[in-house]
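What the coordinates show
Each chain, letter by letter, is given below.
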Amino acid sequence: MVYIHKALFFLFVLPLMGVVSFLCLLTAWIGENSIVAHTIARHGSSFLLYLSGVRVHADLSRLDPRATYAFMANHSSQFDIVVLFATLNRWNVRFVAKESLARVFLFGHALKRMGHIPIARENSRKAMKAIDQAADACGRGMSVVIFPEGTRSSAGDKLGDFRIGGMIMALKCNVPVAPVILTGTERIMPRGAFLPTPGEVRVEALEPFDPSEKFTMREREEFRAWFWNLMDSAYQERKNQAQR
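Note that the coordinates shown come from a computational prediction; the quantities given were computed from them, not determined experimentally.

In a regular helix each residue adds 1.5 Å, so 16 residues correspond to 22 Å; helix α5 (residues 124-139) covers 23 Å between its end C-alpha atoms and thus fits that length. Looking at the buried side of α5, the elements it contacts are β4 (117-119), β5 (143-146) and α6 (164-173). Phi for G141, located one or two positions after α5, is positive at around 90°.

Listed below in structure tokens is the structure:
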């Protein structure tokens, strides 16, 4: 069964991404906050999980489906975006993703037209522009998904260091932060893997909080240290539970 799912993924991933990207690009002309384009992308992600033999167990009970959030999730696999796109289906989300994805033919054009936010971390001016775009999206009622590690972590036993830009973004968005813990994606598609391995993934949202009630912009370093401890502690706990 593992080989069947790998073969299905290999055969259909590029055609599926091409069709979904084209449809998203087409429907996004309605406007970058188009629910139609978002719904197409969400169903495309769900179908990709099905092809891959990946089962997602999600606990989002602490969240209000009517609220706007800055979702901040740990990042250990290329599959994290697919999992979150399919799982956060009650929110109109926009991802903050590395700028190189926006240069992928058709797929990148669809991402940009839908309002997803490319970020060039090595360029401070472009990074600040991405922060402003995220704040603007939240101001218009769209939730954003931020990976505070900035890139996929290879630490294994603990989360990678958080980038200060993620803290600034969370504070400027002026919406509650919803911490999200993903476990299992590092086994589904670890760094360097070309094809996913079937398995189970768990997604759990922790209690949302208003970062401005705890920290000011001048205290962003303290915010980073506090939030890393919160996320890493929860990640370790969930990971240990999954291994029992």
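Strand order in this open sheet of seven strands is β1-β7-β6-β2-β5-β3-β4, and the pairing throughout is mixed. Where the open sheet ends on each side, the last strands, each with one partner, are β1 (54-59) and β4. Geometrically, the sheet is characterised by an average inter-axis angle of 25° between neighbouring strands, direction not taken into account. Where strand β6 (residues 177-183) lies against strand β7 (residues 199-205), four bridges are found, and the strand directions are antiparallel. By the bridge assignment for β7, T183 is matched with R202. Packing against the sheet, α5 makes contact with β4 and β5, and its axis sits at approximately 160° to β4.

For the rest of this paragraph, the subject is the packing of aromatic side chains. Enumeration according to the criterion identifies 13 aromatic pairs in this entry. Judged by centre distance (6.2 Å) and plane angle (20°), the rings of F47 and Y50 are stacked. Taken together, the residues span about one helical turn, with F47 and Y50 both in helix α2 (residues 35-52) at a distance of three residues. Look at F47 and you get partly exposed, because its relative accessible area is 41%. The exposure class assigned to Y50 is exposed, which follows from its relative accessible area of 61%. Pairing F209 with W226 gives two aromatic rings, centres 5.2 Å apart and planes at 80°, and the pair type is edge-to-face. Pair noted here: F209 is in the loop between β7 and α8 (220-243) and W226 is in helix α8, with a separation of 17 residues, a long-range link. Taken together, the ring pairs connect F162, F209, F215, F223, W226 and F227 into an aromatic cluster.

With that settled, consider the pairing of β5. On β5, burial covers both faces: S143 and V145 on one face and V144 and I146 on the other are all buried. Where strand β2 (residues 70-73) and β5 come together, three bridges link them in parallel fashion. In the strand pairing of β5, M72 is matched with I146. Bridging between strand β3 (residues 93-98) and β5 involves three bridges; their strand directions are parallel.

Analysis parameters
- Residues numbered from 1 in each chain as written.
- Predicted model: local features only at pLDDT ≥ 70, side-chain atom pairs only at ≥ 80, totals over all residues.
- Heavy atoms only, no water.
- Helix = DSSP H or I, 4+ residues; strand = E, 2+ residues; numbered from the N terminus.
- Expected span 1.5 Å × (residues − 1).
- Contact = heavy atoms within 4.5 Å.
- Pairing = 2+ DSSP bridges.
- Axes fitted to C-alpha atoms, helices over the stretch in contact; angles between N-to-C directions.
- Phe/Tyr/Trp six-rings, centres within 6.5 Å; stacked < 30°, edge-to-face > 60°.
- Buried < 20%, exposed > 50% of the residue type's maximum accessible area, 1.4 Å probe, protein only.

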